[in-house]
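The primary structure of each chain is shown beneath.
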Amino acid sequence: MTDKQKDDVYYVCCLIEFIARKTKNHRQDGMFDTVNECRYEVPSVTSIGMLYQELVLAIMPEEDAAQGQSDESGVAVQTEAEAEVLSPDIDTVLSKVRSYILSKDTKPDYSSIWNVIGLKRSGLYVPESYINLFYSNVIAYCESKDWQITRAKYSDYSKLILALTAIGVDARDVMGHNLLAYLSDYENVSRQGNNGTIWALIALNSNPAYEIPEDPSAVQQNSEELLVKKVVGMQCQDGGWTMMGTTGDSDMTGMAMQALASYYNKDEYEDVTAAIDKGLAWIEKNQLSSGGFGTMKTETSESVAQIITALCGVGIDCGEDARFIKNGKWPMTGLFQYYMPEGGFMHVAADAGNNGGGAGGIIDGMATEQGLYARGLGFERGSSFMGRGDRH
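Here is what the cut-offs are and how they apply
Residues numbered from 1 in each chain as written. Predicted model: local features only at pLDDT ≥ 70, side-chain atom pairs only at ≥ 80, totals over all residues. Heavy atoms only, no water. Helix = DSSP H or I, 4+ residues; strand = E, 2+ residues; numbered from the N terminus. Buried < 20%, exposed > 50% of the residue type's maximum accessible area, 1.4 Å probe, protein only. Areas by Shrake-Rupley, 256 points an atom, 1.4 Å probe, with all protein chains shown as cover. Salt bridge = Lys/Arg side-chain N within 4 Å of Asp/Glu carboxyl O. Expected span 1.5 Å × (residues − 1). Patch = residues over 30% accessible without salt bridge, like charges linked within 9 Å, V, L, I, M, F, W, Y side chains within 5 Å. Phe/Tyr/Trp six-rings, centres within 6.5 Å; stacked < 30°, edge-to-face > 60°. Lys NZ or Arg CZ within 6 Å of the ring centre and 35° of its normal. Polar contact = N/O pair within 3.5 Å; in protein donor to acceptor, adjacent residues only side chain to side chain. Lys, Arg positive; Asp, Glu negative; His and termini not counted. Charge placed at Lys NZ, Arg CZ, Asp CG, Glu CD. pLDDT = per-residue confidence, 0-100. Contact = heavy atoms within 4.5 Å.

Caption draft 1: The overall build of the protein chain, seen in detail. Across its full length, the protein chain carries 15 helices and eight strands. Considering the protein chain as a whole, with its 392 residues, one finds that 52% of them fall into the buried category. As displayed, the protein chain offers around 19,000 Å² of accessible surface, 50% of which is attributable to carbon and sulfur atoms.

Caption draft 2: Quick peek at the pattern of salt bridges. Inspection of the entire model under this criterion finds four salt bridges. Between aspartate 170 and arginine 172 there is a salt bridge; the shortest N-O distance is 2.8 Å. A salt bridge links arginine 323 to aspartate 321; the shortest N-O distance between them is 2.6 Å. Neither arginine 323 nor aspartate 321 differs from the other in exposure class; each is buried.

Caption draft 3: Broad picture of helix H6 (residues 128-144). A rise of 1.5 Å per residue sets the reference length of H6, with its 17 residues, at 24 Å; its end C-alpha atoms lie 24 Å apart and thus fit the reference within 8%. Of the residues one or two after H6, aspartate 146 is the one with positive phi, at around 55°.

Caption draft 4: Examining the environment of valine 174 more closely. The residue valine 174 is located in the loop between helix H7 (155-166) and helix H8 (186-190) in this model. Valine 174 sits 35 residues away from isoleucine 139 along the chain, and the two C-alpha atoms are 8.4 Å apart.

Caption draft 5: Focus on a nonpolar patch on the surface. Taken together, the side chains of Leu15, Phe18 and Ile19 define a hydrophobic patch exposed on the protein surface, amounting to about 280 Å² of accessible area. Within the fold, phenylalanine 18 resides in helix H1 (residues 3-23). A relative accessible area of 41% means that phenylalanine 18 is categorised as partly exposed.

Caption draft 6: Summary view of the packing of aromatic side chains. This structure, assessed with the given rule, holds eight aromatic pairs. Ring centres of tyrosine 157 and tyrosine 182 lie 4.1 Å apart, and the angle between their planes is 5°; this geometry places the pair in the stacked category. Taken together, the residues tyrosine 157 in helix H7 and tyrosine 182 in the loop between H7 and H8 connect sequence positions 25 residues apart. Of the residues examined, tyrosine 182 reaches a relative accessible area of 14% and is grouped as buried. Judged by centre distance (4.9 Å) and plane angle (50°), the ring pair of tyrosine 263 and tyrosine 269 falls under tilted. Here a set of aromatic residues connected by ring pairs shows up, and it is made of Trp114, Trp199 and Tyr373. The ring of tryptophan 199 carries the charged tip of lysine 159 above its face, separated from the ring centre by 5.5 Å.

Caption draft 7: View of unusual backbone geometry. For the bond running from serine 87 to proline 88, omega is 0°, close enough to zero to count as cis. Among the structural elements, proline 88 can be located in the loop between strand E4 (76-77) and helix H4 (90-104).

Caption draft 8: Representation of the side chain of threonine 295. Assignment of secondary structure puts threonine 295 in strand E5 (residues 293-295). Residue classification places threonine 295 among the buried residues on the basis of a relative accessible area of 10%. Within the structure, threonine 295 has its side chain in polar contact with the side chain of aspartate 249 (distance 2.3 Å).

Caption draft 9: The arrangement of a negative patch on the surface in detail. On the surface, Asp267, Glu268, Glu270 and Asp271 cluster together to form a negatively charged patch. Mapped onto the fold, glutamate 270 is located in helix H12 (residues 270-286). Residue glutamate 270 is classed as exposed on the basis of its relative accessible area, which comes to 53%.

Caption draft 10: How the structure looks around the confidence of the model for the protein chain. Scored by pLDDT, the protein chain comes out at a mean of 87, with 84% of its residues at no less than 70. Contacts from residues 68-74, a stretch scored under 50 in pLDDT, to residues over four places away or in other chains number 16 contacts. Low confidence marks residues 378-383, where pLDDT is under 50. Its contacts with residues over four positions away, or in another chain, come to 24 contacts.

See the structure below:
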């Protein structure tokens, strides 16, 4: 309980005593003046209020006293919740997922982008031969497309930038091509909707040196400032973000907060900080009893993976912050319920709705990719697709 809340209890106790003295207590045999008819010296109202406060706090259950704590930013949190211990533990799962992906993805190519991002950000050993083969196959693919890998889904360029950056390649010079140039026209980037804008900002922040180049032919010149403004402006009234409509969605809320994480609590970005704080409140409110999250009324592993990455991107340890621990269940228990001993993650449980993704109850490729990078990126506070750094 905060000092302010303790003061509130004290003031209420004083008020009760004050009212009792003013109105005089009623007994069955008539009136009783608690002050004038008392046979001893009556303590002051404030002294009695202090005594009552101590009694109230002494008998208050711990779980009630834990309600309403505040962190440094003034956002209400609980401090007495304890996250369940994961079994198997996080490092075991991370190692097994790594081994599973490497055993399945033996010829990494352009389609292996998310595997590469998760593996490289996991901090575990990844064979150099795997990375080299991925790079050479990606270059061959881009050349086969004359470096125009899409004309509509510009998040593909953003994700390619992320993958190449993760393996140590400067996306400003890939065989003479500046991949950031594909993000220079906001009309192209936004053609995909909110998703395109969000991933462009994530890609831009994946290396502190990256900038969007000027494009004289652009319908609307893109910039970091424009992307930040657009992502903030996408926020729904309920505090979340969505692909379409007016109600927040877990996946999109997680992605948008990842995009904005680099600006959180930074000078001149007060609008971003306010948006993220609203987003955190949305996440707390929409967390499921399992500790996980859902989309389109179905709980999925990808939803909680995005939330984990977002929380850690803004410096929150989801295993310690009691806002996100519900009866011991926390986001990692929400994710690990989908882990399978073979080393992968399910998209949804066997008895859940399909939700437009893979079948339930079996290992799913996308779920495994996202489960890996949620653990690899997300369990170190402040880490994100920007690696362990920060451009601001």
